[in-house]
Amino acid sequence: MTHVLDPGTLAAGTRPAAGSGTPFDDVTRSDAAFRAFLHGLPGVDQVGAEQRAATLGTRSIKTTAKAWAIDTAIAMVDLTTLEGADTPGKVRSLAAKARRPDPTDPTAPAVAAVCVYGDLAGVAREALEGTGIHVAAVATAFPSGRASRAVKLADVRDAVGNGADEIDMVIDRGAFLSGRYLEVFEEIVAVKQECGDAHLKVILETGELVTLDNARRASWLAMLAGADFIKTSTGKVSPAATLPVCLVMLEAVRDFRAATGTQVGVKPAGGIRTTKDAVKHLVMVNETVGADWLSPDWFRFGASSLLNDLLLQRQKLRTGHYSGPDHVSVD
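These figures come from a predicted structure and were not determined experimentally. (Residues numbered from 1 in each chain as written. Predicted model: local features only at pLDDT ≥ 70, side-chain atom pairs only at ≥ 80, totals over all residues. Heavy atoms only, no water.)

Caption draft 1: Representation of the overall build of the protein chain. Helix and strand content of the protein chain: 14 helices and 8 strands. Projected onto its principal axes, the C-alpha positions of the protein chain cover 60 × 45 × 30 Å. Counting across all 331 residues of the protein chain, residues that qualify as buried make up 55%. Within the protein chain, counting contacts between residues at least 6 apart in sequence, those at least 24 apart form 76% of the total. Of the roughly 13,100 Å² that the protein chain leaves accessible, carbon and sulfur atoms contribute 52%. Each charge class in the protein chain can be summarised by its mean position, and for the 35 positive and 39 negative side chains these summaries are 4 Å apart. (Helix = DSSP H or I, 4+ residues; strand = E, 2+ residues; numbered from the N terminus. Buried < 20%, exposed > 50% of the residue type's maximum accessible area, 1.4 Å probe, protein only. Contact = heavy atoms within 4.5 Å. Areas by Shrake-Rupley, 256 points an atom, 1.4 Å probe, with all protein chains shown as cover. Lys, Arg positive; Asp, Glu negative; His and termini not counted. Charge placed at Lys NZ, Arg CZ, Asp CG, Glu CD.)

Written out as structure tokens, the structure reads:
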């Protein structure tokens, strides 16, 4: 099992960022200082984390709690389409589903956001006008992150200009794995500045980071740079969102808030397809960081197929029998 970071390890302050004048500036003054800090974080006991995640994954919940969990999970979904064949028509269809997930039941909650490529953010914004549903756009040369910083920042400006109020960026995994932590940090800071009022979700692509220790270090790096959310994956790399990785990231945001007073959200993405998967994550959130994170403001599911299963399970609870998959719209 992982250890809780002693809040005394870090001086309390506002959200840290380069040049902010907080004690965190000392951590990021050089590559050597940043490396010392990140590698000084408590190590992750991989076996313990896997066992803890497995134990939480076996928890059963009562029917009344399941109904709440399903509605909560629906409201946390970032309904996503990130394909080269995406069209304005597909985005409008997805927006309609986001607003009214179950056309036969107006009590079903709307989702949290629609997530698209930046060039389609304007289509999503127009289709969701007045609903309160967020428009998230992937940026910074998603999913590889292989582009110059100038290109990445232009990508962000374009998405925000098109109407995105949330940006999902990818970190430079090559730089991170090479130990160029300050370079990754500075890029996130620059992206955050380009976001303006838009919230920033930082995708770690944990499947390429390989170890849980790297997932913890990347989580802290992103939060120190000003991430509003940390996100597991692009959904384009396997493995994507695993329960042990999500556990480590939840512990990181818990420790970060204890040390700084700043709360950061978590978004697992990729491979979460069933209601059972979603409930396992909600149990883990409740047991690891508590009810403060059980809100779309602080926890999201990056998903495309998950919503359909949630709706089928919701119909089962409401009617007593399962409907066929043709009773929910195809994404």
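On we go.
Caption draft 2: Broad picture of the layout of surface pockets. For the largest pocket, the calculated volume is near 430 Å³. In terms of lining residues, the largest pocket is bounded by 23 residues, among which Thr80, Gly235, Gly270, Ala303 and Ser304 are the most central. Sorting the residues of the lining of the largest pocket by element identifies α5 (88-99) and β8 (301-303) as the ones contributing at least two each. Grouping the constituent residues of the lining of the largest pocket by class yields 7 nonpolar, 9 polar and 7 charged. (1 Å grid on protein atoms, 1.4 Å probe; cavity = no way out; pocket = protein on both sides within 12 Å on 5 of 7 lines; lining within 4 Å. Points joined across faces, edges and corners; volume = space filled by probe spheres on them. Nonpolar A, V, L, I, M, F, W, Y, C, P; charged D, E, K, R; others polar.)

Caption draft 3: Structural view of the pattern of salt bridges. Scanning the entire structure with this criterion turns up 27 salt bridges. The partner of Arg314 in a salt bridge is Asp71, with the nearest N and O atoms 2.6 Å apart. Pair noted here: Arg314 is in helix α14 (residues 306-319) and Asp71 is in helix α4 (residues 63-75), with a separation of 243 residues, a long-range link. Assessed through its relative accessible area of 10%, Arg314 is described here as buried. One salt-bridge network, in which partners are shared between bridges, spans Asp78, Glu166, Asp168, Lys201, Lys231, Lys267 and Arg300. (Salt bridge = Lys/Arg side-chain N within 4 Å of Asp/Glu carboxyl O.)

Caption draft 4: Geometry of unusual backbone geometry. A cis amide bond, omega 0°, links Phe142 with the succeeding residue Pro143. With respect to the element layout, Pro143 can be found in the loop between β3 (134-139) and α7 (149-161). Of note, the amide linkage connecting Ser238 to Pro239 takes the cis form, showing an omega dihedral of 0°. Its location among the elements puts Pro239 in the loop between β6 (229-231) and α12 (243-260). Even without being a glycine, Val210 presents a positive backbone phi close to 75°. Within the secondary structure layout, Val210 lies in the loop between α10 (206-209) and α11 (212-224). Taking relative accessible area as the criterion, Val210 reaches 70% and is therefore assigned exposed.

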